[in-house]
Amino acid sequence: MQVWSFLLLLLALMLLAATTEAGKNKKEKVKKDVSKCEDWRWGPCVPNSKDCGLGYREGTCKDESKKLKCKIPCNWKKKFGADCKYKFESWGGCSAQTGVKTRSGILKKALYNAQCEEIVYVTKPCSSKIKSKTKAKKGKGKD
């Protein structure tokens, strides 16, 4: 009985040592990617396909370079770039001469050292329909 207990204890210790060693290898891989460089210059996010979705951005610092995963929303304003975040005012009134509405946005944040305009203007066509401000709530078969 004591032999079996000894063998079981020995087996448990071997498993514990193996899992501890495996955990150390994972931690070491994470530490290898740490850079001492602090002045990174990042390029724009480049989508893997089309003009939006998952992609990558390249960064350089002295003689080092890295690639980071990034995502460009599919509803982004291509004119401004995905790394420029703006706070927009409400839409203005419809111009009878041009048939468009206008609004402006003030730069809120520039990500990854992006070169962004301080103020941007956007336009959209005036809608011919008059939309009601009250919308019916969507429910599952409620009457």
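Residues numbered from 1 in each chain as written. Predicted model: local features only at pLDDT ≥ 70, side-chain atom pairs only at ≥ 80, totals over all residues. Heavy atoms only, no water.

A.B. asks: Please give an account of a positive patch on the surface that cites residues and values.
C.D. replies: A cluster of basic side chains, namely Lys85, Lys87, Lys108 and Lys109, defines a positive patch on the protein surface. For the positive patch, the secondary-structure elements that each account for two or more residues are β5 (84-88) and β6 (100-110). Structurally, Lys108 is set in strand β6. Owing to a relative accessible area of 60%, Lys108 belongs among the exposed residues under this scheme. (Patch = residues over 30% accessible without salt bridge, like charges linked within 9 Å, V, L, I, M, F, W, Y side chains within 5 Å. Areas by Shrake-Rupley, 256 points an atom, 1.4 Å probe, with all protein chains shown as cover. Salt bridge = Lys/Arg side-chain N within 4 Å of Asp/Glu carboxyl O. Lys, Arg positive; Asp, Glu negative; His and termini not counted. Charge placed at Lys NZ, Arg CZ, Asp CG, Glu CD. Helix = DSSP H or I, 4+ residues; strand = E, 2+ residues; numbered from the N terminus. Buried < 20%, exposed > 50% of the residue type's maximum accessible area, 1.4 Å probe, protein only.)

A.B. asks: With reference to specific residues and values, describe the packing of aromatic side chains.
C.D. replies: If you walk through the whole model with that rule in mind, you get 3 aromatic pairs. Arranged with centres 5.5 Å apart and planes meeting at 20 degrees, the rings of Trp40 and Trp42 form a pair that is stacked. With relative accessibility at 12%, the residue Trp40 sits in the buried group. Since its relative accessible area comes to 19%, Trp42 is described here as buried. Plain terms: the ring middles of Tyr86 and Phe88 are 6.2 Å apart, the flat faces sit at 55 degrees to each other, and that makes the pair tilted. (Phe/Tyr/Trp six-rings, centres within 6.5 Å; stacked < 30°, edge-to-face > 60°.)

A.B. asks: Break down the nonpolar core for me, with residues and values.
C.D. replies: A general trend in soluble globular proteins is that nonpolar side chains are found buried together. Counting 6 residues, the largest nonpolar core is built from Phe80, Cys84, Tyr86, Cys116, Val120 and Val122. Where this core is concerned, the elements lending two or more residues are β5 and β7 (119-125). Setting aside residues no more than four positions away along its own chain, Val122 makes contact with Phe80, Phe88, Trp91, Lys101, Thr102 and Arg103. (Core = buried A, V, L, I, M, F, W, Y, C linked by side-chain atoms within 4.5 Å. Contact = heavy atoms within 4.5 Å.)

A.B. asks: An account of the state of the cysteines is requested, with residue identities and associated values reported.
C.D. replies: Applying the stated criterion across every chain yields a total of 5 disulfides. Each disulfide pairs two cysteine sulfurs, and for Cys37 the partner residue is Cys61, the sulfurs being separated by 1.4 Å. In this pair, Cys37 is assigned in the loop between α1 (2-32) and β1 (41-42) and Cys61 in strand β3 (residues 53-61), connecting sequence segments 24 residues apart. Accessibility classification places Cys37 together with Cys61 in one group, the buried group. Through a disulfide, Cys45 is tied to Cys70; the S-S separation comes to 1.9 Å. Classification of the bridge connecting Cys45 and Cys70 rests on its S-S torsion, roughly 95 degrees, and on that basis the disulfide is right-handed. (Disulfide = S-S within 2.5 Å.)

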